[in-house]
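Summary of structural features
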Amino acid sequence: MAKISAKYEILYIIDPAQGEEGIQALVEKFKAMVEAEGTVTNIDEWGKRRLAYPINDLPEGYYVLMNVECKPELPAELDRVFKITEGIMRSLIIAVEE
């Protein structure tokens with residue numbers, strides 16, 4: 001039998017040059033994408049942190065961790081949108097074992 005929903009941890013890093021309004025707009029955009037297909041159990045905004053290594057010559061990024069429960073098809077779509085969205089430096093989606 002196919003899984004109806006699964007739990008995922010989604011971590012993404014936003015370019016801090018987007019400004020506070022730009023960062024909040026991106027957080028809301030991805031939250032709305034997940035809520036359209038599943039549920040957001042937690043959003044933890046870690047804020048601006050120093051990166052382990054520079055990405056695009058930037059030493060810092062704004063980290064956001066989302067815990068979600070959704071259909072298995074959504075992470076692939078989210079990954080695609082992360083890659084084409086201006087201001088997203090890196091993203092990581094991990095399936096959480098129950």
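Every chain begins its residue count from 1, and numbering advances along the sequence as written. Per-residue local features of the predicted model are confined to residues with pLDDT of at least 70, and side-chain atom pairs are confined, for both listing and counting, to 80 or more; whole-chain, interface and lining totals are unaffected and use all residues. As a convention, hydrogens and water are excluded, and side-chain values are obtained from all of the structure's heavy atoms.

**What about the sheet that holds strand β2 (residues 39–55)?**
- In this analysis, strands are considered paired if DSSP registers two or more bridges between them. Going along the chain from the N terminus, every DSSP run of H or I of four or more residues is numbered as a helix, and every run of E of two or more is numbered as a strand. Spatial strand order, β2-β3-β1-β4: 4 strands in an open sheet with antiparallel pairing. Looking at which strands have only one partner, the edges of the open sheet turn out to be β2 and β4 (88–95). Sheet twist, expressed as the mean angle between neighbouring strand axes with direction ignored, is 20 degrees.
- Pairing of strand β1 (residues 6–14) with strand β3 (residues 58–70) involves 9 bridges; the strand directions are antiparallel. The residue bridging Ile14 from the neighbouring strand is Tyr62, located in β3.
- Running over the sheet, helix α2 (residues 74–84) touches β1, β3 and β4 and is turned about 170 degrees from β4. For every element, the axis is a line fit to its C-alpha atoms; helices are fit only across the contacting stretch, and the angle between N-to-C directions ranges from 0 to 180 degrees. In this analysis, two residues are considered to be in contact whenever any of their non-hydrogen atoms come within 4.5 Å of each other.

**Some remarks on the environment of Leu11**
- Looking at the secondary structure, you find Leu11 in strand β1.
- Note: C-alpha distance between Leu11 and Val64 (53 residues apart in sequence) is 5.7 Å.
- Ignoring sequence-local partners within four residues, the contact set of Leu11 consists of Trp46, Tyr63, Val64, Leu65, Arg90, Ser91 and Leu92.

**Here we look at unusual backbone geometry**
- A positive phi angle is found at Asn56, which is not glycine, with a value near 55 degrees.
- Among the structural elements, Asn56 can be located in the loop between β2 and β3.
- Exposed residues in this analysis have more than 50% of their type's maximum accessible area, buried residues have under 20%, and partly exposed residues fall in between, with area computed by a 1.4 Å probe over protein chains only. Taking relative accessible area as the criterion, Asn56 reaches 64% and is therefore assigned exposed.
- For Asp57, which is not a glycine, the phi torsion comes out positive at approximately 65 degrees.
- Relative to the elements of secondary structure, Asp57 occurs in the loop between β2 and β3.
- By relative accessible area, Asp57 is classed as exposed at 74%.

Note that all results are geometric; they support no functional claim without further evidence.
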